[in-house]
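In case you want the letters, here they are:
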Amino acid sequence: MELDLRHNGRSAMTLAVLGVVFLAGITWAWGRVTEPFPEKEPAPPCTDTLIRAGEDVAPPQVLVTVLNAGGADGLANKTMDKLVAAGFGKGQTGNDPSDSGPVAAQVWAKDPGDPAAILLASYLGKDVEIVDRPSGYPGVTIVVGKRFKGVRGGRETVTAQTDSSVCTPPLSSNPDDLG
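Residues numbered from 1 in each chain as written. Predicted model: local features only at pLDDT ≥ 70, side-chain atom pairs only at ≥ 80, totals over all residues. Heavy atoms only, no water.

It is worth spelling out the state of the cysteines at this point. Counted according to the given criterion, the structure contains one disulfide. The disulfide partner of Cys46 is Cys167, and the gap between their sulfur atoms is 1.5 Å. Here the residue Cys46 occupies a position in the loop between α1 (5-34) and β1 (47-51), and Cys167 occupies one in strand β9 (residues 164-168), the gap between them amounting to 121 residues. Taken individually, Cys46 and Cys167 each receive the classification buried, so the pair is uniform in this respect. (Disulfide = S-S within 2.5 Å. Helix = DSSP H or I, 4+ residues; strand = E, 2+ residues; numbered from the N terminus. Buried < 20%, exposed > 50% of the residue type's maximum accessible area, 1.4 Å probe, protein only.)

If you look at the biggest cluster of nonpolar residues, it comprises 27 residues, and the most contacted ones within it are Val62, Val64, Val66, Leu83, Phe88 and Ile142. Secondary structure elements with two or more residues in this core: β3 (63-68), α2 (75-85), β5 (105-109), α3 (115-121) and β7 (140-144). Ranked by residue count, the leading element in this core is α3, at five residues. When neighbours within four sequence positions are excluded, Val64 is seen to be in contact with Met80, Leu83, Phe88, Gly89, Lys90, Gly91, Gln92, Leu120, Val140 and Ile142. In terms of nonpolar packing, the next biggest core, distinct from the first, is built from five residues, Leu67, Ala69, Val103 and Trp108 among them. (Core = buried A, V, L, I, M, F, W, Y, C linked by side-chain atoms within 4.5 Å. Contact = heavy atoms within 4.5 Å.)

Next up on the list: the environment of Val128. Within the element layout of this structure, Val128 appears in strand β6 (residues 128-132). In this view, Val128 contacts Ala105, Gln106, Val107 and Ala121; residues no more than four positions away in its chain are not counted.

Pasting the structure below:
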C-alpha cells in the first residue's frame, strides 16, 4: 500500500481553500447582520401635483405655510388653525424673516396666477396681495401682519386657467378623495 502524496497534497490544498472561503463568508455575513438599519427618510410635507387648465383646486389640495410679519403673538398659529378648519393642509408656522413690511396679508407664490394662491387669497379678506415671491417653504406661503382682520369664508374651488403645479398634502393627493 503506497501513499499517493500528490493526492493527499491536493486534498489538503482543497480543504485550505474551502476553509478560507468559509471564513470569508462568515466575515461577510457577520458584517451584514451587525450593520445598522438605514435611517428612515422623513416623508415630504407635500407632493407637486399637476393641475391642468380647466381643473378645479379645492382647499384640501393646498398645503399652507403661515408667517407672522409683526402682528400679535400667536397670529400665525391662530390663522393656521382657521385655515385648517376650512380644509387647507397644515404646513409650517413662524415669523417672517424678511422685510415684507406692514401688511394685512400677502400670499407669496412663484406665479401670481397660481390657482392655489388665488383660492387661499379668497380666505384672507379684501386687503390681500398675491406677490410674485418664492418663500422656500413648502406649499403656498401667506404672511399676516398687524392689519390682518382674520380668516373669512372663501371660495370652495378655483378653476386653473393654465397648467399649474400645486403642492398637495399627502393625504389629499387623490382628487377623488375630495368628495
